[in-house]
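# Survey of secondary and tertiary structure
Given next are the chains, with one letter for each unit.
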Amino acid sequence: KKPSKGKSLSNKSVDFKALETKINYQFNEKSLLSSALTHASSISQTQKPKKIEKTQDEDNERLEFLGDRVLGLSISAVLIKLYPESPEGDLARRYNNLVRRQTCTEVAKDLDLGKYLILSAGEERSGGRTKSTILANAMEALLGAIFLDGGYAAADEMIKTFWQGKITEGEQIELDAKTALQEWAQGQGFDLPI
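Note that this is a predicted model, so its numbers are computed, not measured.

Turning to the pattern of salt bridges, a few remarks are in order. Scanning the model with the defined rule gives eight salt bridges in all. Arg 94 serves as the salt-bridge partner of Asp 90, at 3.5 Å between the closest nitrogen and oxygen. Placement of the pair is Asp 90 and Arg 94 together in helix 4 (residues 88-99), with a separation of four residues, close to one helical turn. Here the two residues Asp 90 and Arg 94 agree in accessibility, since each one is buried. Between Glu 124 and Arg 129 there is a salt bridge, and its shortest N-O distance comes to 2.7 Å. Exposure remark for Arg 129: the relative accessible area of 17% places this residue in the buried category.

This next bit is on unusual backbone geometry. Positive phi, close to 55°, is recorded for Asn 24, a residue that is not glycine. Within the secondary structure layout, Asn 24 lies in the loop between helix 1 (17-23) and helix 2 (30-36).

The rules we used
Residues numbered from 1 in each chain as written. Predicted model: local features only at pLDDT ≥ 70, side-chain atom pairs only at ≥ 80, totals over all residues. Heavy atoms only, no water. Salt bridge = Lys/Arg side-chain N within 4 Å of Asp/Glu carboxyl O. Helix = DSSP H or I, 4+ residues; strand = E, 2+ residues; numbered from the N terminus. Buried < 20%, exposed > 50% of the residue type's maximum accessible area, 1.4 Å probe, protein only.

Next up, the structure:
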């Protein structure tokens, strides 16, 4: 049952059919999708599972942990194939650019993922549906949920589809601050910074 317009989606009765259509994946176990989109704020401490087990009232933190690893493996494999002559340092910079929070947030926004999040009323009021951290975490959790529901191939397919425009040969590689400092120090003849 879909909530009426203007009503918070902070309950567990969200209709995810439109999202499943967008991602071109139908979940066999709908509770995985629900958990992937459930922010920890929406589950009180008394509802949180005490044991490590799958429950209907699970937030997305464990799925986020898994999804981060699935994303990393998929992106690593794509980069190895796409840039066979690139050294490890170049691959690492490209990798970091593709798995960072900002990129996950961009993909989440492309999917309008914020619309489907299950949040507490307080998080809803504070703009949780548009917060980069919450969107990026939900995106990774969604990948983890797809992996558990349909296997690596299903998650990999989604990553290749939605990260495709971000993986291009002519793309400029942004250096992270640590790498930029190290390269500058070496270029100046200094020891690596500690």
